[in-house]
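Observations on the three-dimensional arrangement
Here's the letter readout for the chains.
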Amino acid sequence: MGVSKATLGDPAIAKAMIQGGVKFIADSRIENIQKMRNAGISTQFVLLRTALSQAEAVVKNVDISLNTELATVRELSNFAKLHNTLHQIIVMVELGDLREGVLPRDLPQFIKKTIDLPNIKIIGIGCNLACYGGVKPDKHNMHQLCELADAIEKEFQIKLEIISGGNSANYEWSESAQPIGRINNLRLGEAILLGCETVNRKAIPGLHTSAFRLIAEVIESKEKPSLPFGEICQNAFGSVPTFIDRGIRRRVIIALGRQDILVSGLKPNNNLEILGSSSDHVVLDSNNYNCEIGSEVKFNLDYGGLLSAMTSPFIAKQFIGNSHTAA
Ligand SMILES: *Cc1c(COP(=O)(O)O)cnc(C)c1O
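Model, not experiment: these values are computed from the prediction. (Residues numbered from 1 in each chain as written. Predicted model: local features only at pLDDT ≥ 70, side-chain atom pairs only at ≥ 80, totals over all residues. Heavy atoms only, no water.)

1. Some details on the overall build of the chain
Defined as follows: Where helices and strands are cited, they refer to DSSP runs of H or I of at least four residues and of E of at least two residues respectively, numbered from the N terminus. The cut-offs for exposure are 20% and 50% of the maximum accessible area for each residue type, with area from a 1.4 Å probe on protein chains only; residues under the lower value are buried, those over the upper are exposed, and the others partly exposed. Two residues qualify as a contact provided that any one of their heavy atoms is within 4.5 Å of a heavy atom in the partner residue. Here the accessible surface of atoms and residues is derived via Shrake-Rupley with a 1.4 Å probe, and residues count as covered only by protein chains that are part of the display. Charge counting follows a simple rule: Lys and Arg are positive, Asp and Glu are negative, and His as well as the terminal groups are ignored. A charged residue contributes its charge at one atom only: NZ of Lys, CZ of Arg, CG of Asp or CD of Glu.
When helices and strands are tallied, the chain shows nine helices and 13 strands. Overall, the chain is about 75 × 40 × 40 Å in size when its C-alpha atoms are taken along their principal axes. In the chain, which comprises 327 residues, the share counted as buried stands at 44%. Long-range pairs, those at least 24 residues apart, make up 60% of the contacts in the chain with a sequence separation of at least 6. When the accessible surface of the chain is totalled, it reaches about 17,100 Å², and 50% of it is carbon and sulfur. Here the chain carries 34 positive and 34 negative side-chain charges, and the mean point of each set is 3 Å from the other.

Dropping the structure here:
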């Protein structure tokens, strides 16, 4: 599954993922899936995060949703019946990362209570690691997922078609020599978009690691002291900043701020060093290089940077090397 959420469900990127061979497009936001559908993307859509209040939109727009709560699956069943559709679900199992998931000991009960709900089909189980608790996918937790799949199939006489082992953090595990068992699906966002796995953020051989670039405009460039002068109070974000005196330095301001971007997610690719930021300004030390007013500064992005940049309405998105343009 190609995961599109970090690009705000951009149809051009979903299209590229499909051309690249993914069988499903998965997103955490129903709004993103609706956007891709409206743009004419035709594939199997998977919703990664299911909210009870959106159950009707889910059954109308999504083929498969990931679920962990009985109340939500019941609501999906009600609306699937109302709209005369069959909604497929993957039940997420908690394997230690402590984000979403039914505890393994509760899984049989969960299946028992959902299996006969009208217009619902359980097509698989899955797990998500390395997101909240930073728990690494390894042979133990992956084996546990496979064993749970076997046990559920045996107890309920059903076939689980999808055993979804995780996200981009599963790359290393999937490449290692150990058998992958019954796991036949991964949900990959960052690996595809930024070309790296997410356990150690190592580049994946053959993939581009700078497919996304953020370009910002220089709006001020002046030599100034590196220590603020006057009495120091809280800054715009409620913290009292501290500074190192490096003498007079050339400081560059770009027209970009926390309203657009997770500033820690910017990776400057020349001599620039980020000194700080406020809502609409990022202040950089230019290593005494004089950036011209109106000139461009380029950044690579990490996952948080990509997510926030794609979400900012102030950042124009442009695709190069293809005719697609984002909304
Ligand atoms: C975001 C998400 C993914 C994709 O994660 P990446 O690290 O971008 O590969 C997979 N599964 C779930 C449930 C997610 O929420």
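2. What about a nonpolar patch on the surface?
Just so we agree on the cut-off: Only residues whose relative accessible area exceeds 30% and that form no salt bridge are eligible for patches; like-charged ones are grouped when within 9 Å, while nonpolar side chains (Val, Leu, Ile, Met, Phe, Trp, Tyr) are grouped when within 5 Å. Salt bridges are defined as contacts in which a side-chain nitrogen from Lys or Arg sits within 4 Å of a carboxyl oxygen from Asp or Glu.
Judged by side-chain polarity, Leu227, Ile232, Val240 and Phe243 come together as a nonpolar surface patch covering roughly 340 Å² of accessible area. For Val240, the location among the structural elements is in the loop between strand S8 (213-225) and strand S9 (248-254). The exposure class of Val240 is exposed, given its relative accessible area of 56%.

3. Observations concerning helix H5 (residues 107-115)
To keep things clear, this is the line we draw: Directions are taken from the helix axis to each C-beta atom, and the arc is the one they span.
Residues of H5 that are buried: Leu107, Phe110, Ile111 and Thr114. The arc enclosing the buried residues of H5, seen along the axis, measures out at 95°, which places them on a common side. Next to the buried residues of H5 lie helix H4 (70-82), strand S5 (87-92), strand S6 (120-126) and helix H6 (139-156).

4. Notes on the sheet that holds strand S3 (residues 44-47)
Where strands meet in a sheet, backbone hydrogen bonds hold them as pairs that are either parallel or antiparallel. Inclusion rule: When DSSP finds two or more bridges between a pair of strands, those strands are recorded as paired. In this description, a line fitted to the C-alpha atoms serves as the axis of each element, helices being fitted only across the stretch in contact, and the angle between N-to-C directions of two axes falls anywhere from 0 to 180 degrees.
The strand order across the open sheet formed by seven strands is S1-S2-S3-S4-S5-S6-S7, and the pairing between neighbours is parallel. Looking at strand neighbours, the two that pair on one side only are strand S1 (2-3) and strand S7 (162-164), the edges of this open sheet. Sheet topology note: the S3/strand S4 (residues 64-67) ladder contains two bridges and is parallel. Bridged to Leu47 within S4 is Ser65. Packing of helix H2 (residues 30-38) onto the sheet brings it into contact with strand S2 (24-27) and S3, and relative to S3 it is tilted by some 165°.

5. Here's the deal with the sheet that holds strand S10 (residues 266-268)
Strand order in the open sheet formed by six strands is S10-S13-S8-S9-S12-S11, with antiparallel pairing between adjacent strands. The strands lining the two open edges of the sheet, one partner per strand, are S10 and strand S11 (273-277). Each neighbouring strand pair of the sheet contributes to a mean axis angle of 45°, computed without reference to strand direction. Across seven bridges, S8 lies against S9 in antiparallel orientation. Counterpart to Lys224 in the pairing with S9 is Arg249.

6. Some points on H6
Rules: Any helix carries an expected span of 1.5 Å times its number of residues minus one. Residues adjacent in sequence count toward polar contacts only when both atoms are side-chain atoms; beyond that, a polar contact is any pair of N or O atoms within 3.5 Å, and within protein one must be able to donate a hydrogen and the other to accept it.
Between its terminal C-alpha atoms H6 stretches 26 Å, which fits the 26 Å expected from 18 residues at 1.5 Å a residue. Within H6 the residues assigned to the buried category are Asn141, Met142, Leu145, Cys146, Leu148, Ala149, Ile152, Glu153 and Phe156. Projected down its long axis, H6 carries its buried residues within an arc of 155°, all on one side. Looking at H6, the residues exposed on the side facing more than 90 degrees away from the buried face are His140, Lys154 and Glu155. Its buried side turned inward, H6 meets H5, S6, S7 and helix H7 (171-175). Capping of H6 at its N-terminal end is provided by Asp138; its side-chain oxygen lies 3.0 Å from the backbone amide nitrogen of His140.

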